[in-house]
Amino acid sequence: MPPAKKSSKSGKLSRKQLQQLKEYGELDPLNSINDDRDLDDLVSKALGRSGYGSFTGKLRAGKHSRDAGKGHARSSLAKPQRNSRPDAYSRLLKSLETTTSSIPANSKSVVSDEDEDMEENEDEATLGSASDDSENDEMQNASDVDQKEYEVDEVDEDELESEAEEPIPEDLDATSDAKEVFEAHDYMEGHYADVDSEQMHKKLSAVTNKEYEQTIVEDPALGSMVVCNVAGEGAKPANPRPLKQKLVKPFHKLSKTGDFTDFQRGLFGWFDQYRDVVYAGRSLENEDEITTAYALHAMNHVMKAKDQEHKNNSKLAKAHASGSDAGELRDRGFTRPRVLIVVPFRNCAYRLIEKLLKLVSAEQEMNSSRFAKEYGPDEEEERKHNSNKRKPEDFQRTFAGNIDDSFRIGVQLHYKSVKLYADFYRADIIIASPIGLRMTTGAESGDRKDFDFLSSVEMVIVDQCDVLLMQNWDHVSHLFNHMNLTPKKDHGCDFSRVRSWFLDGMAQYRRQTILISEHMTPEIQAVFNNNCRSIEGKVRIKPAYTGAVDNVVTQVSQIFKRVSVRRLASANDDRFSNFVEQTLPDLEKSMMNKKHTVIFASSYFDFVRIRNHCKDKGYIFAAISEYSTKSEAMRARMKFFDGELQFILYSERAHFYHRYPIKGIHHLIFYSLPDHSHYYSELVNLMLTSNDTVSADQLSCTVFYSKFDQLKLERVVGSRLVPQLLSGERSQFTFA
């Protein structure tokens, strides 16, 4: 949580000096200072507020020396009087300058977070507020469902929590130019700057009114993309030094090639401009490159932001010592979390956090054993993975390891360490699943609703959107609807350091949103159109498709029939009416010859609608959905193969989660095309199984589509043919 602004007259040791003194356990260098009552009060107060151990300097005997020996006696220490001499702090700093130079650097010291001192400020504020205490108790364990106690790796967490705030890196002292952070082409500085200019107002107006200037760009590595520019700003030059120097070597070690690939360089270039990006070409071949690119971008963003805070803290310390005014230094939001990454399963979070830890290269990784136990694969999961060797490669990759879809974990970056399972209000990065976040924020109608930790998120990355659509996309929509709202409580916020556009409620226009998916869907497109509002513009990258029909090896005629629909609102009703009035009666008439029929429905709502209608009509069939047990699915498949059923109703989610090898399919009806185009070729190729005695003219495949199925149809028949199928004079097309 952000530290509160310190009064210019409140005695407070600098972080660097307190840390150096604490590392060696004593404050003996102060013995040479004159025995002055105001200075004694100043030092005792500073030690008590910082949570340090006993004070071994020569103070006057009395209340302050007794309280200082307790280590955590900040509630009993008297606050420094406002009439204290203003030069007491300056004299203390001057004396320390001559003594601390003899203290050697300790490379193995435990360094706490830059904002740890605000834990004391928060405790003081909550003494008179029982509601704040209950809120902190509720969110203390919000980073994971499991409430068990675990031992901390390498360092005692309780001891670390009592440490003072981390030292300011010397290379970010107020006297340095911080050239590494602020390059001439560093787009982060310009994007988050508190600038009230005419160009900024033009950008806000254009984004609010959705007045984008669209251009089509062809990239040899990424393919075709639509670039939406704002307020006349076109393409920007690449940043010559986009990475923090601290990240360069870890990235080279992490990268298989030792540097950016052409694909990563193109993708990271758009990320680095802080545009909203949707990439709909994720595959098994490039998933590692994509994950590395956005993990690097997220870590780069957090490190640059923290360095800016360190620099401003140093400026304030210098101004405090000299008695001058540092001016407005706005570098943070209402709450601490800056980056939110949404992934579908724990195995995805496990692989992602492993990359983040390698990029940070911290000396200490707290809670790593607990993380490996709760997110890493175990023996039972390995056995399940080995049993799936006969299933497609994408299935094995998706469901390898821990596939729990309810989780959330906070990652807190310290100066030389990383803490996993950090409280959300102390985390820099939050990694979670949609359902995990929904369990934290609460239901719409519930009493426990807390979205404040999402109020200052500056970057949202949603990976594997195609998998999230197979879970519950409503949770993703709910997440975006509650992003960057004004918090209900201050959570110890220092409003003097909050950026102006947070205070003005304009944070959504500075937030960068990155959506990664295997393919584009109307749901993803809706988020891109309505929730991606970065003032830097946005980019939609969607590859051209050759068509899944090219992967069909079964010798069968594939008939595509266009369903006439009146408008989008009635498209589902028109499709259902056409099916029950024409398709089902024809199927019933020829049921003796078409017993081995599978009806595929991509939407679960369509699945339930067809199932209920067929039950009412008395059809002998089986319905296999993602909620069907393995025994139910096996019995249905056996009866289907033996010809005891008229047909099987099969949902796309059932195929996604199980990939049942249904044998004996002679006739395949696609009530609607699958979102995953390769499911089409997989199901059609299943006709080859146990059909050795069936001739090709006894097999059939029928597909129903409408003019609103352009995205699905493009992936199945190919980008070149889709215009003809959507707007051609004929309504029926045959692929053989």
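Here the structure is shown first, and the text comes after it.
Conventions used here
Residues numbered from 1 in each chain as written. Predicted model: local features only at pLDDT ≥ 70, side-chain atom pairs only at ≥ 80, totals over all residues. Heavy atoms only, no water. Helix = DSSP H or I, 4+ residues; strand = E, 2+ residues; numbered from the N terminus. Buried < 20%, exposed > 50% of the residue type's maximum accessible area, 1.4 Å probe, protein only. Areas by Shrake-Rupley, 256 points an atom, 1.4 Å probe, with all protein chains shown as cover. Pairing = 2+ DSSP bridges. Axes fitted to C-alpha atoms, helices over the stretch in contact; angles between N-to-C directions. Contact = heavy atoms within 4.5 Å. Expected span 1.5 Å × (residues − 1). Core = buried A, V, L, I, M, F, W, Y, C linked by side-chain atoms within 4.5 Å. Left-handed = near helix turned anticlockwise from the far one by under 90°. Nonpolar A, V, L, I, M, F, W, Y, C, P; charged D, E, K, R; others polar.

**Some remarks on the overall build of the protein**
And step 1. Within the protein one finds 28 helices and 18 strands.
And step 2. Evaluated residue by residue, the protein yields a buried proportion of 56% over its 736 residues.
And step 3. Counting only carbon and sulfur atoms, one obtains 48% of the accessible surface of the protein, whose full area is about 33,000 Å².

**Regarding the sheet that holds strand β15 (residues 647-651)**
And step 1. Taken together, the seven strands give an open sheet; going across it, the order is β14-β15-β13-β16-β17-β12-β18, and neighbouring strands pair in mixed fashion. The open sheet has two edge strands with one neighbour each: β14 (621-624) and β18 (732-735). Strand-to-strand twist in this sheet, taken as the mean axis angle between neighbours without regard to direction, amounts to 15 degrees.
And step 2. Taken together, the four bridges between strand β12 (residues 558-562) and β18 define a ladder with antiparallel strand orientation. Residue pairing across strands places Gln 558 opposite Phe 735, the latter belonging to β18.
And step 3. Across the sheet, helix α26 (residues 677-685) touches β12, β13 (597-601), β15, β16 (667-670) and β17 (700-705), and the angle it forms with β16 is around 160 degrees.

**Some details on the sheet that holds strand β7 (residues 417-420)**
And step 1. Overall, mixed pairing links the 11 strands, which are arranged β1-β2-β11-β3-β10-β9-β4-β8-β6-β7-β5 in an open sheet. Taken across any chain shown, the strands that pair with only one partner, and hence form the sheet edges, are β1 (213-219) and β5 (364-366). If you compare each strand with its neighbour and ignore which way they point, the axes differ by 15 degrees on average.
And step 2. Note: β5 against β7, three bridges, orientation parallel. Its bridge partner lying in β7, Gln 364 is registered against Ser 417.

**Quick word on helix α12 (residues 287-322)**
And step 1. Here α12 contains 36 residues, and its C-alpha end-to-end distance of 53 Å stays within 8% of the 52 Å for a straight helix at 1.5 Å per residue.
And step 2. Counting buried positions along α12 gives 28 out of 36 residues, so the element sits mostly inside the fold.
And step 3. Two residues or fewer past α12, Gly 323 is found with a positive phi of approximately 75 degrees.

**Side note on the nonpolar core**
And step 1. Counting residues in hydrophobic clusters, the biggest one holds 72 residues, and the most contacted among them are Ile 341, Leu 420, Ile 431 and Ile 541.
And step 2. Tallying contributions element by element places α12 first for this core, with 10 residues.
And step 3. Contacts of Leu 420, omitting those with residues within four sequence positions, involve Ile 353, Leu 357, Met 366, Asn 367, Ser 368, Phe 371, Ile 409, Gly 410 and Val 411.
And step 4. Counting residues in hydrophobic clusters, the runner-up holds 40 residues, among them Val 556, Ala 636, Tyr 660 and Tyr 705.

**Describing the packing of helix α11 (residues 262-272) against α12**
And step 1. Viewed as axis vectors pointing N to C, α11 and α12 meet at an angle of 35 degrees, and their least axial separation amounts to 10 Å. In terms of crossing hand, the pair formed by α11 and α12 is right-handed. Residue-level inspection shows Phe 263, Gln 264, Leu 267, Phe 268, Phe 271 and Asp 272 of α11 in contact with α12, the latter providing Glu 289, Ile 290, Thr 292, Ala 293, Tyr 294, Leu 296 and His 297.
And step 2. Among the residues forming the contact of α11 with α12, the class breakdown is eight nonpolar, three polar and two charged.

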